[in-house]
Amino acid sequence: MRNQQQQITRTEYNPSEIESRWMTQWEKDKQNRSVIDRSKPKHYALTMLPYPSGELHIGHWYAMAPSDARARFMRMNGYNVLFPMGFDAFGLPAENAAIKRQVHPKTWTYANIERMRQQLKMMGTMFDWEREAVTSDPEYYKWTQWLFLKFFENDLAYKKLSPVDFCPSCNTTLAREQVVGEDRVCERCGTPVIKKELDQWFFRITKYADELLEFDHFRWPEKVMTMQDNWIGRSEGAYVTFYTEDGDPIEIFTTRPDTLWGATFMVLAPEHPLTLKVTSAEQHDAVHDYIDEAGRKSEIDRTAEGKEKSGVFTGGYAINPVNDERIPIWIADYVLMGYGTGAIMAVPAHDERDFEFARKYGLKIIPVRQPEGVELNGDTMPEAFLEDGVMVNSGPFDGTFSGSEKGLKNPGIKAVIEYVEEKGVGRLGINYRLRDWLISRQRYWGAPIPIVYCEQCGMQPVPYDQLPVELPEDVEFMPTGESPLRSHAGFLNTTCPACDGPATRETDTMDTFMCSSWYQYRYLSPHYDGGPFDPVEAAYWLPVDQYTGGIEHATMHLLYTRFFSKAMRDCGIFDPTVEVMKEQGATDEDIEILFYEPMLALVNQGMILGEPQEGHTVVVEGTFVDHKLIADRVTVINSYADADDVASNGGDRVVGEVIKRTDNTITIETPHRDVVAEVHDGTTFEVPGFGPTAGLQQIKYRLGIEKMSKSKGNVVAPDEQVALYGADTVRAYLMFAFRWEKGGPWDSEGIKGVVRWINDVWEIVTDGPPDVSIDTSKTDRDLARQTHLGILRVTDSLREFSFNTAVAGLMELKNAVQRAENVSAEAWRNAVETMLLLMAPVTPFISEELWHRLGHEDSVHLQSWPVYDESIAAADEVTLVIQVNGKVRDRINVPAGISEEDARAAAMESEVVQRHLQGREPKKVIYIAERAMINIVG
RNA sequence: GGGGGAGUGGCGGAAUUGGCAGACGCGCAUGACUUAGGAUCAUGUGGAGAAAUCCGUGUGGGUUCGAGUCCCACCUUCCCCA
């Protein structure tokens, strides 16, 4: 029986009313305003800021809602939490929208921000909106430009003529990582890229390559560190100089100097400056033809594995500096001028590509490393030898061990590098795959690069007091291949800061990755005008303690932001912060942490994919022309059985499931074959619920698990889900449905479990405590025990970002409270209050509402996290699991804390155990007290 | 080709890191209440079997009193880089 009085006050759960009310209240109370409070430990939680594309989609929710739950959890655990939000607002889509819809990029961007900000608030996040930063605000990009100038002053920004990847469709240059796939297409639009020579701005990220390889100071996923490691691609080896017979030096880089004695020929890139010089008269024509041909091929065509390698002998020879052998010089297009030195030494015995090349052109192969006790023969070996071995044919090094391992850790490599250095023919060399960061974009909607060009004084930085260099709003931004700023006279023409003479501005804008490389600092003081951030705020909040976001940023954003923090350090930008820290008595250790890394911990969430769906079952009537059905009428039916209800009009007719849809056809799967039906202007559609407006777009087709996209029609709109179930339910479902790191397809059935859970919680609390008069001491203790087990489970889960098990733990606790019919009001209240506290990070609105309905005045979100008490959680009785030879045979209830002897005695009394022992004496008994398990080996 | 993940019921996933496999939820089944059920409630739900019991975490081997978890080989699959 439930308490009568409480039952009267019971109301239906109405999420939209509750949520809008609390949203307003929290804002009024400034509940989420984070200010410096030195009495508490700080926790800077950060989640990647969105691009303001127009609508907040379910992926944003999936990334942000769990991050928010974690931040709220930390706040209840006594931390002073900063959890800011902003917008990465510069970028190409704004310009595309401008071109397509005749709206100004600024108008479009800021309208989107306005809308998305409201949508974000609906989510119930604890974002401190007073710290919001928008990268396209002049008060933001002023400091982006300021940082550029600092880098420029410190020789970390420079300009050079450089071939760049250019997307002819987006009409812009692309960074290396924005070109994707085997076909080398534009990341954004899929168009194949072309090469273009342009004067470009670069950041000297390669200067930090080694430092960026240090991953000691933070807790990042192994995967991200590996990806960055590969991306930087450090290789240790040697630069060795060969000479042509005419005495011209050819420098090569090799990661395997231990194979120098096996270099039987050299290969130059066709573009190598010495190519023509070494070419003999007889080979002149062949070499010229080859160079022409190579010039027409793309880099991919030239280097793709599996492609047959081609080359031409130049007729020239070089001398191998370690053994004075005369070796032929070839040219081949698989050697690229832009990589390394544009020349290689070829060691066919120990390199697959060189081996293939040597066999094809009948070049000499000399093994210089072989397994012990085996003799390799260059003429007969079937493939290059790449395994561990001992050096041979290598002069002084014969007999030295040389493994397959690369780098200085390999004794053979180390010894040979020392040898060539001593001999003066080579030196230790470290090569990186990482290139300098190209930041120039020939685009309008970005931060202008603050440089002017004066005919008298040359390139001049814009003085700091003239920042920001503002983007003019009245521009023509149709794509021309040049920056639209170039045709804007008011922007372009300026005066030289040095001589006051006429000058022109740099019209390139900065890569938006630059804006997002330092936003974590701007959040601290988005309106501060004394620098990029307020040192007082920075001294307290930095660095970021917990970062969350998508794995897709592993090698771009996350590498760039690390570079930024290190470059900023070297430009002295943190000096004022250090001063403040010192004044406040920070230890050297505290200060050191500031410089480790921008984000100390990182967790990557996965992706929400589209829900698989069956296609509509349809009746299509029309006329067959060849094998194509020209459709006059398409009728959606519930099942095949209903097909007869669709009156026939006498024409051709097909019934089946729609498995595919294009702009003007649908494919129908029938028992016999798949039929393609083409629709025309006169085709009528009958789709239940759509009436006369129904069209081809309303026909659902079969869909597997795929990324959400508008064209596939599998997009889940969070606003609709919120309208249906409330924000708490959507948040909780996203946390419950998958492992956060993994993600998965949306399941509109699966959300029901969360709906039921939330409704049950609402009922339990609004119904009030059970009305009992009998003795409740045992049931009270039971409920308290389960409550504390719940505390343990939810706490551990949230700490570990295991949101799905946190929600599972909350559901278990709800089940326990629901089942507890005979408990005292006090025990009930303890359990329910604890449950609401544990729910607060996950479902902030309903937790707050019910907390207040229990009579509290303070917000649930400002309470302390419940503390687990082991003694309350301990059970009086436990189930002893009895195994015989490792298999579970019996379970018996025994008092908790039973001794090993007693457990053993109890186990041996079990009939089942005796049966399985078949009279044998136990050889051994293993008792695991903490698992209440005993294993009898007999 | 190289590097890194991941394979557990019909499905999403748990499993205290070597100790009761399948928590929690979806779905499903049976029943109840219902004009109705895509609402709600109750019970059940890895497979086989009447039961005792046997089988079971991609496959094959190994270590161990004990393996989803550790080791070796293989298969499948996803991501990243070529």
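What you see is a predicted model; the values in this text were computed from it and never measured.

J.: Talk me through the overall build of chain A; I want residue IDs and the actual numbers.
T.: Per the secondary structure count, chain A includes 30 helices and 40 strands. Seen along its three principal axes, the alpha-carbon backbone of chain A occupies a region of about 110 × 85 × 85 Å. In chain A, which comprises 938 residues, the proportion classed as buried is 53%. Sequence separation of at least 24 residues holds for 71% of the intrachain contacts in chain A that already meet a minimum separation of 6. Carbon and sulfur atoms provide 48% of the accessible area of chain A, an area that totals close to 42700 Å². Chain A carries 96 positive and 143 negative side-chain charges, and their two centres are separated by 2 Å.

J.: Give a detailed account of the nonpolar core, specifying residues and quantitative values.
T.: With 88 residues, the main nonpolar core has Phe148, Phe151, Phe203, Trp437, Phe563, Phe564 and Met568 as its most contacted residues. In terms of residue count, helix α6 (residues 138-153) provides more of this core than any other element does, eight residues in total. The residues touching phenylalanine 151, leaving out its near neighbours within four places in the chain, are Leu156, Ala157, Phe203, Phe563, Phe564, Ala567, Met568 and Cys571. Ile58, Ala71, Ile764 and Phe803 belong to the second-largest nonpolar core, a separate cluster that totals 82 residues.

J.: Please provide a residue-by-residue account of the pattern of salt bridges, values included.
T.: Evaluation of the coordinates by the stated rule reveals 45 salt bridges. Of the charged contacts, one joins arginine 234 and glutamate 236 as a salt bridge, the two residues approaching to 2.8 Å between their closest N and O atoms. A cluster of three or more residues bridged by salt bridges with shared partners is formed by Lys30, Arg33, Asp128, Glu130, Arg131 and Glu537.

J.: Residue-level account of the side chain of aspartate 508, with values.
T.: With respect to the secondary-structure elements, aspartate 508 resides in the loop between β25 (502-505) and β26 (509-510). Within the structure, aspartate 508 has its side chain in polar contact with the side chain of serine 440 (distance 3.1 Å). Here aspartate 508 is in contact with Asp199, Ser440, Arg441, Gln442, Pro448 and Ile449, once residues within four sequence places are set aside.

J.: Give a detailed account of unusual backbone geometry, specifying residues and quantitative values.
T.: The omega torsion of the bond from leucine 467 to proline 468 falls at 0°, within 30 degrees of zero and hence cis. Between leucine 542 and the following residue, proline 543, the backbone shows a cis peptide bond with an omega angle of -10°. Even without a glycine there, the phi angle at glutamine 102 is positive, about 60°. The phi angle at aspartate 155 is positive, at roughly 60°, despite the residue not being glycine. Inspection of the secondary structure assignment puts aspartate 155 in the loop between α6 and β5 (157-167). A residue is classified by how much of its surface remains accessible, and aspartate 155, at 45% relative accessible area, is partly exposed.

J.: How would you sum up the packing of aromatic side chains? Please name residues and give values.
T.: Overall, the coordinates contain 52 aromatic pairs when judged by the stated rule. Ring centres 6.1 Å apart and planes at 85° place the aromatic pair phenylalanine 563 and phenylalanine 564 in the edge-to-face group. Relative accessible area serves as the criterion here: at 0%, phenylalanine 563 is assigned to the buried category. Since its relative accessible area comes to 0%, phenylalanine 564 is described here as buried.

J.: Could you give an account of helix α2 (residues 15-29), naming the residues involved and the relevant values?
T.: Taking 1.5 Å of rise per residue, the 15 residues of α2 would be expected to cover 21 Å, and the 21 Å separating its terminal C-alpha atoms lies within 8% of that figure. Within α2, burial applies to Pro15, Ile18, Glu19, Trp22 and Trp26. The arc that holds every buried residue of α2, seen down its axis, measures 90°, which confines them to one face. Seen from the buried face of α2, the exposed residues on the opposite side, beyond 90 degrees, are Ser16, Glu27 and Lys28. Looking at the packing, one finds that the buried side of α2 touches α3 (58-76), α21 (718-725), α22 (727-737), α23 (751-767) and α27 (844-853).

J.: Outline the protein's contact with RNA strand B, supporting the account with residue identities and numerical values.
T.: RNA strand B sits among 41 residues. The nearest are Ala737, Lys742, Arg756, Glu812 and Asn935. Looking at RNA strand B alone, sugar and phosphate atoms form 72% of those within 4 Å of the protein. Contact between RNA strand B and glutamate 749: a phosphate oxygen at 3.2 Å from a side-chain N or O atom of the residue. Those elements that place two or more of their residues in the surface near RNA strand B are α8 (222-232), α22, α23, α25 (803-819), β37 (877-884), β38 (887-895), β39 (924-928) and β40 (933-937). By residue number, the principal contributor to the surface near RNA strand B is α25, which donates six residues. The residue makeup of the surface near RNA strand B, split by class, is 13 nonpolar, nine polar and 19 charged.

J.: So what's going on with the environment of glycine 743? Residues and values would help.
T.: Among the secondary structure elements, glycine 743 is positioned in strand β36 (residues 743-745). C-alpha of glycine 743 to C-alpha of arginine 435: the two residues are 308 residues apart in sequence and 33 Å apart in space.

J.: Which residues make up the sheet that holds strand β9 (residues 194-203), and what values do they have?
T.: Spatially, four strands are ordered β6-β5-β9-β20 in an open sheet, and the strand pairing comes out antiparallel. Unpaired on one side and paired on the other, β6 (172-174) and β20 (437-438) mark the two borders of the sheet. Of the strand pairs in this sheet, β5 and β6 are connected by three bridges, and their pairing is antiparallel. When the bridges of β6 are listed, aspartate 165 appears paired with leucine 174.

J.: Break down the sheet that holds strand β16 (residues 369-370) for me, with residues and values.
T.: Pairing between sheet strands relies on hydrogen bonds along the backbone, with the strands arranged either parallel or antiparallel. Read across the open sheet, the three strands follow the order β16-β17-β18; overall the sheet is antiparallel. Only two strands of the sheet have a single partner each, and these edge strands are β16 and β18 (401-402). Judged from the two bridges that link them, β16 and strand β17 (residues 389-391) form a sheet pairing that is antiparallel. Residue pairing for β17: arginine 369 is matched across the bridge by methionine 391.

J.: Tell me about the packing of α22 against α27, and name the residues and values.
T.: One can describe the packing of α22 onto α27 by two numbers: an axis separation of 7 Å at closest approach and a directional angle of 125°. The angle between the axes of α22 and α27 places the two elements in the oblique class. Across the interface between the two elements, Ala727, Asp728 and Arg731 of α22 pack against Pro844, Phe845 and Ile846 of α27. The residue makeup of the contact of α22 with α27, split by class, is four nonpolar, no polar and two charged.

J.: Got a sec to walk through helix α5 (residues 105-122)? Specific residues and values, please.
T.: Owing to its 3.6 residues per turn, the α-helix aligns residues three or four sequence positions apart on the same side. In this model, α5 (18 residues) spans 26 Å end to end at C-alpha, consistent with the 26 Å of a helix rising 1.5 Å per residue. Buried within α5 we find Pro105, Trp108, Thr109, Asn112, Ile113, Met116, Arg117, Gln119, Leu120 and Lys121. Looking at the residues trailing α5, positive phi occurs at glycine 124, about 80°.

J.: So what's going on with the pairing of β9? Residues and values would help.
T.: Direction of pairing for β5 relative to β9: antiparallel, over a ladder of 10 bridges. The residue of β9 that forms the bridge with proline 163 is glutamate 197. In this structure, β9 lies alongside β20, joined through two bridges in antiparallel fashion. Paired with phenylalanine 202 across the two strands is leucine 438, which belongs to β20.

J.: A description of the side chain of arginine 131 should follow, citing residues and the corresponding values.
T.: With respect to the element layout, arginine 131 can be found in the loop between α5 and β4 (133-134). In this structure arginine 131 comes out as buried when scored by relative accessible area, which is 2%. Here the side chain of arginine 131 touches glutamate 537 through a polar contact of 3.0 Å, side chain to side chain. Apart from the residues within four sequence positions on either side, arginine 131 is in contact with Arg33, Ser34, Val35, Leu82, Pro84, Met85, Tyr523, Leu524, Pro526, Glu537 and Trp541.

J.: Tell me what's going on with the environment of methionine 735, and back it up with residues and numbers.
T.: Looking at where methionine 735 falls in the secondary structure, it is placed in helix α22. In this structure the C-alpha to C-alpha distance between methionine 735 and lysine 423, which are 312 residues apart in sequence, comes to 64 Å. Those residues in contact with methionine 735, other than ones at most four positions away along the chain, are Ala65, Pro66, Ala69, Phe803, Asn804, Val807 and Val842.

Rules of the game
Residues numbered from 1 in each chain as written. Chains lettered and ligands numbered in written order. Predicted model: local features only at pLDDT ≥ 70, side-chain atom pairs only at ≥ 80, totals over all residues. Heavy atoms only, no water. Helix = DSSP H or I, 4+ residues; strand = E, 2+ residues; numbered from the N terminus. Buried < 20%, exposed > 50% of the residue type's maximum accessible area, 1.4 Å probe, protein only. Contact = heavy atoms within 4.5 Å. Areas by Shrake-Rupley, 256 points an atom, 1.4 Å probe, with all protein chains shown as cover. Lys, Arg positive; Asp, Glu negative; His and termini not counted. Charge placed at Lys NZ, Arg CZ, Asp CG, Glu CD. Core = buried A, V, L, I, M, F, W, Y, C linked by side-chain atoms within 4.5 Å. Salt bridge = Lys/Arg side-chain N within 4 Å of Asp/Glu carboxyl O. Polar contact = N/O pair within 3.5 Å; in protein donor to acceptor, adjacent residues only side chain to side chain. Phe/Tyr/Trp six-rings, centres within 6.5 Å; stacked < 30°, edge-to-face > 60°. Expected span 1.5 Å × (residues − 1). Arc of directions from axis to C-beta. Near = heavy atom within 4 Å. Nonpolar A, V, L, I, M, F, W, Y, C, P; charged D, E, K, R; others polar. Pairing = 2+ DSSP bridges. Axes fitted to C-alpha atoms, helices over the stretch in contact; angles between N-to-C directions. Parallel < 35°, antiparallel > 145°, perpendicular 65-115°, else oblique.

No statement about biological role is implied by the geometric values presented.
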